[in-house]
There are 2 protein chains.
Amino acid sequence: MSEEQGLTVKKSGNFSEWYTQVISKAELADIRYNVKGFLVHRPWSVKIMKNMYSLLERELEAKGHEPVWFPSVIPESFFEKESEHAEGFKAEVFWITEGGSDGKKFEERLALRPTSETAMYTMFALWIQGWKDLPMKMYQSCQVWRYEGKATRPFIRGREFFWIEAHDVFATEREALAQVKEDMETTENIVHKMFCLPFLFLVRPKHDTFAGAVNTFAADSVMPDGKIIQLPSTHMLGQNFSKAFDIKFLDENEKKTHAWQTCYGPAVWRIFGAVVAMHGDDKGLVIPPAISAIDAVIVPIMFEKDRKEVSEKCEAVKKSLEKVGLRATIDARDNYTPGWKYNYWELKGAPVRIEIGPRDVKAKKVVLVRRDTGEKTSVDEKNAAEEVRKILEGTQKSIMEKADGFFQKNIRDASHFNEMKKLLDDKGGLIRTNWCDKQSCADDIKEKAQADIRGTLFGKTEKIFNKCVVCGKEAKSVVYVGRAY
Amino acid sequence: MSEEQGLTVKKSGNFSEWYTQVISKAELADIRYNVKGFLVHRPWSVKIMKNMYSLLERELEAKGHEPVWFPSVIPESFFEKESEHAEGFKAEVFWITEGGSDGKKFEERLALRPTSETAMYTMFALWIQGWKDLPMKMYQSCQVWRYEGKATRPFIRGREFFWIEAHDVFATEREALAQVKEDMETTENIVHKMFCLPFLFLVRPKHDTFAGAVNTFAADSVMPDGKIIQLPSTHMLGQNFSKAFDIKFLDENEKKTHAWQTCYGPAVWRIFGAVVAMHGDDKGLVIPPAISAIDAVIVPIMFEKDRKEVSEKCEAVKKSLEKVGLRATIDARDNYTPGWKYNYWELKGAPVRIEIGPRDVKAKKVVLVRRDTGEKTSVDEKNAAEEVRKILEGTQKSIMEKADGFFQKNIRDASHFNEMKKLLDDKGGLIRTNWCDKQSCADDIKEKAQADIRGTLFGKTEKIFNKCVVCGKEAKSVVYVGRAY
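My aim in this report is to walk through the structure given alongside it, one point at a time. (Residues numbered from 1 in each chain as written. Chains lettered and ligands numbered in written order. Predicted model: local features only at pLDDT ≥ 70, side-chain atom pairs only at ≥ 80, totals over all residues. Heavy atoms only, no water.)

## Focus on the overall build of chain A
Point 1. A tally of helices and strands in chain A yields 14 helices and 23 strands.
Point 2. For 485 residues, the compact-globule estimate of 2.2 N^0.38 gives 23 Å, and the C-alpha radius of gyration of chain A, at 25 Å, lies within 12% of that figure.
Point 3. A burial count over chain A gives 59% of its 485 residues as buried.
Point 4. Across chain A, contacts joining residues at least 24 apart in sequence account for 69% of those joining residues at least 6 apart.
Point 5. A total of about 20000 Å² of accessible surface is found on chain A, and carbon and sulfur atoms cover 50% of it.
Point 6. Side-chain charges in chain A split into 75 positive and 72 negative, and the spacing between the mean points of these groups amounts to 4 Å. (Helix = DSSP H or I, 4+ residues; strand = E, 2+ residues; numbered from the N terminus. Rg over C-alpha atoms; globule rule 2.2 N^0.38 Å. Buried < 20%, exposed > 50% of the residue type's maximum accessible area, 1.4 Å probe, protein only. Contact = heavy atoms within 4.5 Å. Areas by Shrake-Rupley, 256 points an atom, 1.4 Å probe, with all protein chains shown as cover. Lys, Arg positive; Asp, Glu negative; His and termini not counted. Charge placed at Lys NZ, Arg CZ, Asp CG, Glu CD.)

Listed below in structure tokens is the structure:
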């Protein structure tokens with residue numbers, strides 16, 4: 001492999017440079033568009049993200065959500081209806097102020113949506129009249145824009161990114177709280193089981209709650225560099241927005257009541273970044289078969305004299321795979337050697353490579369190479385599809401187990417501040433410790449350990465095992481601390 | 001049916017009001033968002049448009065296109081690189097001029113993309129180096145924004161709409177011209193065969209060519225009110241953009257050459273509007289089964305004493321349909337009568353209704369009602385899935401035949417100006433006539449008949465049958481004239 005083709009750093013040696021190289025060399029995205037934080041997404045990443053969208057959408061629809069497409073612009077007056085929300089987001093808004101060629105300003109500025117609460121809830125107020133209209137559960141797959149001040153990074157932090165936002169309305173607080181649990185299950189079923197990203201579902205401390213929400217619940221994972229990444233989060237909005245937007249319904253006793261709301265935001269774009277970062281290796285991408293763009297690539301090995309028989313067999317094997325629903329492609333490019341193609345498809349993370357040469361034709365065999373382990377086997381051609389399927393199942397399982405193992409190793413206990421800081425400095429990860437619930441101690445962690453209190457475990461009260469890690473006074477809860485992207 | 005639930009006008013009596021009512025009452029979209037030209041898309045339209053997207057994307061990918069996602073903002077300097085293009089679009093651009101809360105202006109304005117040539121071709125220049133990189137065929141499914149001056153109308157003309165844009169680059173002019181033909185085939189395979197919208201594929205006259213293109217080819221259809229609607233169009237860009245954006249490649253003789261380009265834009269949002277307008281009837285939507293959100297709705301008819309047996313049978317029938325890949329839903333809502341539900345699902349255009357009552361349970365029968373014809377049959381429950389499939393096939397076929405018949409009737413010949421104008425005033429449609437190719441005569445048609453020359457038939461030179469319809473001098477071509485949306 002030429003140096004230009006492959007990765008020139010090891011993932012364990014320089015993770016940051018490895019990530020930059022894999023984004024570019026596996027042709028996931030191009031950063032040369034020259035507008036800060038706006039990425040050009042190339043086919044290989046789009047295909048995988050489309051699969052991720054499909055799985056999330058199917059799960060959301062199975063759980064009663066319906067798809068909608070809302071305008072991507074929000075008039076400033078809608079945007080400001082919920083004051084905490086407006087306060088929290090206004091520094092991050094791109095404003096459209098004029099249209100056409102005469103340079104005339106609009107009477108009212110339009111926000112390019114940074115999130116859609118204020119767009120959607122304006123309409124929800126019109127759609128919801130009686131208790132029969134509830135629950136109402138909707139989602140949209142879309143992009144959002146944030147005038148982000150922090151450094152941007154492909155698929156991690158951008159000024160334009162792709163996500164799903166689900167917005168749910170209920171008659172009672174009890175149902176809204178049950179939705180938080182359902183969202184956690186959705187995250188488990190899809191983000192963990194399909195995308196192979198383990199997480200803790202945490203209740204964020206009050207000072208780190210979504211602007212306008214009562215409570216924020218978020219799935220935190222640990223990246224290979226020890227940094228924390230927030231995957232989907234759910235916000236319990238209580239009646240804050242329903243009061244600001246006047247979302248009321250006539251209940252069964254003919255009484256007008258404000259509705260209860262939640263929203264859930266799996267950021268597909270960022271989760272894709274986590275998939276790339278978490279599972280990749282020194283050869284390039286490793287993609288869980290559940291979301292891979294293809295299942296297998298077939299590489300012919302031939303001289304001119306073998307061309308006909310090898311090509312025919314490649315086609316036959318491709319057909320046998322497609323017959324059972326597997327997606328295969330033949331890399332028949334003449335201008336590249338088989339070796340170059342092996343490296344190319346390893347870089348791209350094709351889960352299985354099938355090598356077919358003249359000797360295989362004669363022996364009625366094919367060679368299968370498994371991407372994540374490099375394991376190579378020769379199997380009877382008539383069993384190719386079945387064997388590929390077994391490899392895919394094994395790959396999905398072992399990518400998940402590897403990620404789970406890494407995650408478990410990176411949740412560690414600390415009782416004292418210096419111990420916590422040392423663990424963070426050494427390897428990062430999530431540090432389990434005790435907190436008195438005072439903001440001043442959270443501020444100290446921020447200032448003196450450059451870390452955040454990510455929250456308490458959702459749905460489980462953990463037993464306090466020491467005094468507050470900062471002030472040494474009585475602790476009120478067991479919390480997880482980490483340094484985040 | 002209460003007046004509020006159903007349509008209160010006939011399609012043939014007042015098409016415009018019928019269209020407005022069906023958009024609202026079938027819950028396709030809500031126009032009350034209060035930003036001109038920006039529509040709120042409700043679940044029923046989104047589900048159908050998602051199916052339309054899938055079919056178009058599959059066809060484009062089968063023909064070698066790869067998906068990409070480009071930034072939705074374009075710096076003003078990129079936008080202005082191709083001068084005719086900039087000239088043609090600058091009156092239609094929404095400009096982002098500031099971000100955040102300090103009101104500080106950006107150094108360079110960002111256009112919200114009205115179309116993506118200038119975004120994509122900036123990157124194509126980096127990606128294309130040698131002949132091996134060609135052809136390059138890419139598409140993106142996205143929304144675009146146009147600061148539209150004309151009156152907006154849901155799904156027909158808006159300031160934000162959803163489409164696909166495919167952008168292709170070739171080494172030779174010959175290949176680019178072949179792409180125009182391939183795009184016409186894509187339109188035939190999907191827009192005609194699946195969406196049941198007939199069209200003529202026309203070469204637009206020079207004065208009506210896309211800004212920056214050498215030639216524009218477009219599929220024109222006729223709406224029920226006789227107005228012409230442009231469905232997908234393909235633009236032959238020649239080397240205009242490749243020169244402006246410096247898209248060059250080293251050919252097989254090591255010579256630097258500018259590439260040849262085409263682009264193709266099926267506007268899913270507008271095509272959906274044409275589907276609604278074309279196929280609907282006085283009861284509401286009629287949707288081709290190939291893109292319908294569901295195949296069949298099951299309506300239980302029961303009193304409390306029959307509830308268990310009827311509900312169980314509904315579930316069993318639903319399962320038997322799903323087993324063969326049909327998508328069925330049970331309308332089990334307690335608060336509505338069966339009659340109300342019949343009207344509801346007719347309004348929504350569910351292709352088949354399955355009625356199940358206690359007598360059907362006893363007789364092991366189900367009643368099937370076909371949406372487009374109203375035909376009602378009682379069939380053995382064990383054949384339900386098979387019979388539903390037959391009805392769906394019949395429906396798809398007859399929706400297409402009906403639309404084709406209407407379209408054929410609305411293409412008429414005229415030799416003289418007054419005859420042409422009378423036909424346009426009477427019923428609209430496409431008028432086939434003769435033209436001398438002079439701009440002044442086209443202007444006269446515009447001014448005196450309020451109509452446009454839509455172009456000549458693609459791929460076929462039609463025999464001139466009279467003098468120019470305007471000036472009476474020698475005609476150069478047979479053209480189609482119509483009044484468009």
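## Let's talk about the relation of the copies chain B and chain A
Point 1. In the superposition of chain B on chain A (RMSD 0.0 Å, axial shift 0.0 Å), the rotation amounts to 180°. Given the turn and translation reported, the copies of this chain are related as if by a two-fold rotation axis. In terms of C-alpha distance to the rotation axis, chain B has isoleucine 96 of chain B as its closest residue, with the C-alpha 2.1 Å off the axis.
Point 2. Interface overlap between copies: 100% of the residues of chain B at the interface are likewise at the interface in chain A, consistent with a symmetric, same-surface contact. (Least-squares fit on C-alpha atoms with pLDDT ≥ 70 in both.)

## Points about the pattern of salt bridges
Point 1. Following the criterion strictly, the structure yields 90 salt bridges over all chains and no others.
Point 2. For arginine 371 of chain A, the salt bridge identified is with aspartate 281 of chain A, shortest N-O distance 2.7 Å. Placement of arginine 371 of chain A in the loop between strand 18 (365-370) and strand 19 (376-380) and of aspartate 281 of chain A in the loop between helix 8 (268-279) and strand 15 (296-300) is noted, with a sequence separation of 90 residues between them.
Point 3. A salt bridge links lysine 376 of chain B to glutamate 355 of chain B, with the nearest nitrogen and oxygen atoms 3.8 Å apart. Here lysine 376 of chain B is found in strand 19 (residues 376-380), whereas its partner glutamate 355 of chain B is found in strand 17 (residues 352-356), with 21 residues between them in sequence.
Point 4. When its relative accessible area of 54% is taken as the criterion, lysine 376 of chain B is described as exposed.
Point 5. The class for glutamate 355 of chain B is buried, based on a relative accessible area of 5%.
Point 6. Sharing partners across several salt bridges, the network here consists of Lys283, Glu346, Arg353, Glu355 and Lys376 of chain A. (Salt bridge = Lys/Arg side-chain N within 4 Å of Asp/Glu carboxyl O.)

## With respect to the interface of chain B and chain A
Point 1. At the interface, 60 residues of chain B touch 60 residues of chain A.
Point 2. With both sides pooled, the region where chain B packs onto chain A buries about 5200 Å², and carbon together with sulfur makes up 64% of that total.
Point 3. Together, Tyr33, Trp69 and Trp127 of chain B form the three largest contributors to the area buried by chain B at its contact with chain A, with a combined 16%.
Point 4. Our enumeration of links across chain B and chain A arrives at eight salt bridges.
Point 5. Salt-bridge contacts for glutamate 57 of chain A lead to lysine 50 of chain B; the nearest nitrogen and oxygen are separated by 2.7 Å.
Point 6. Per-element tally for the side of chain B that touches chain A: the top contributor is helix 2 (residues 43-62) of chain B, with eight residues. (Buried area = accessible area lost by both parts, 1.4 Å probe.)

## Focus on the side chain of glutamine 179 of chain B
Point 1. Inspection of the secondary structure assignment puts glutamine 179 of chain B in helix 6 (residues 173-192).
Point 2. Residue class for glutamine 179 of chain B comes out buried when judged on its relative accessible area of 2%.

## Some words on the packing of aromatic side chains
One pair of aromatic rings is described through two measures. These are the centre distance and the angle between the planes.
Point 1. In the structure shown here, the tally under the stated rule is 55 aromatic pairs over all chains.
Point 2. Where phenylalanine 161 of chain A meets tryptophan 163 of chain A, the ring centres are 5.9 Å apart and the plane angle is 90°; that geometry is what we call edge-to-face.
Point 3. The buried category is assigned to phenylalanine 161 of chain A, whose relative accessible area is 11%.
Point 4. The rings of Phe70, Tyr121, Phe124, Trp127, Phe241 and Phe245 of chain A are connected pair by pair, giving a single aromatic cluster.
Point 5. Sitting over the face of the ring of tryptophan 127 of chain B, arginine 42 of chain A holds its NZ or CZ atom 4.2 Å from the ring centroid.
Point 6. The side chain of arginine 353 of chain A reaches across the aromatic face of tyrosine 342 of chain A, ending 4.0 Å from its centre. (Phe/Tyr/Trp six-rings, centres within 6.5 Å; stacked < 30°, edge-to-face > 60°. Lys NZ or Arg CZ within 6 Å of the ring centre and 35° of its normal.)

## Observations concerning the sheet that holds strand 15 (residues 296-300) of chain B
All names here are of chain B.
Point 1. Strand order in this open sheet of five strands is 16-15-17-18-19, and the pairing throughout is mixed. Either end of the sheet is taken by a strand with one partner, and the two such strands are strand 16 (328-330) and strand 19. Each adjacent strand pair in this sheet contributes to an overall mean axis angle of 25°, direction not counted.
Point 2. Pairing of strand 18 (residues 365-370) with strand 19, which is carried by five bridges, proceeds in the antiparallel orientation. Residue valine 366 lies in a different strand from strand 19, and its bridge partner there is valine 379.
Point 3. In this fold helix 9 (residues 307-323) packs onto strand 15, strand 16, strand 17 and strand 18, with an angle of close to 170° to the strand it touches most, strand 16.
Point 4. Against the sheet, helix 10 (residues 338-348) engages strand 15, strand 16 and strand 17, with an angle of about 170° to strand 15. (Pairing = 2+ DSSP bridges. Axes fitted to C-alpha atoms, helices over the stretch in contact; angles between N-to-C directions.)

## Things to note about the environment of arginine 174 of chain A
Point 1. Here arginine 174 of chain A lies in helix 6 (residues 173-192).
Point 2. On the accessibility criterion, arginine 174 of chain A (62% relative accessible area) is exposed.

## Brief notes about helix 13 (residues 417-427) of chain B
Residue and element names in this part refer to chain B.
Point 1. Residues of helix 13 that are buried include every one of Phe417, Met420, Leu423 and Leu424, and no others. All buried residues of helix 13 lie within an arc of 130° about the axis, which places them on one face of the element. Exposed residues lying more than 90 degrees from the buried face of helix 13 are Asn418, Lys422 and Asp426.
Point 2. Buried residues belonging to helix 13 abut strand 20 (411-413), strand 21 (430-435), helix 14 (439-449) and strand 23 (477-482).
Point 3. Two residues or fewer past helix 13, glycine 428 is found with a positive phi of approximately 70°. (Arc of directions from axis to C-beta.)

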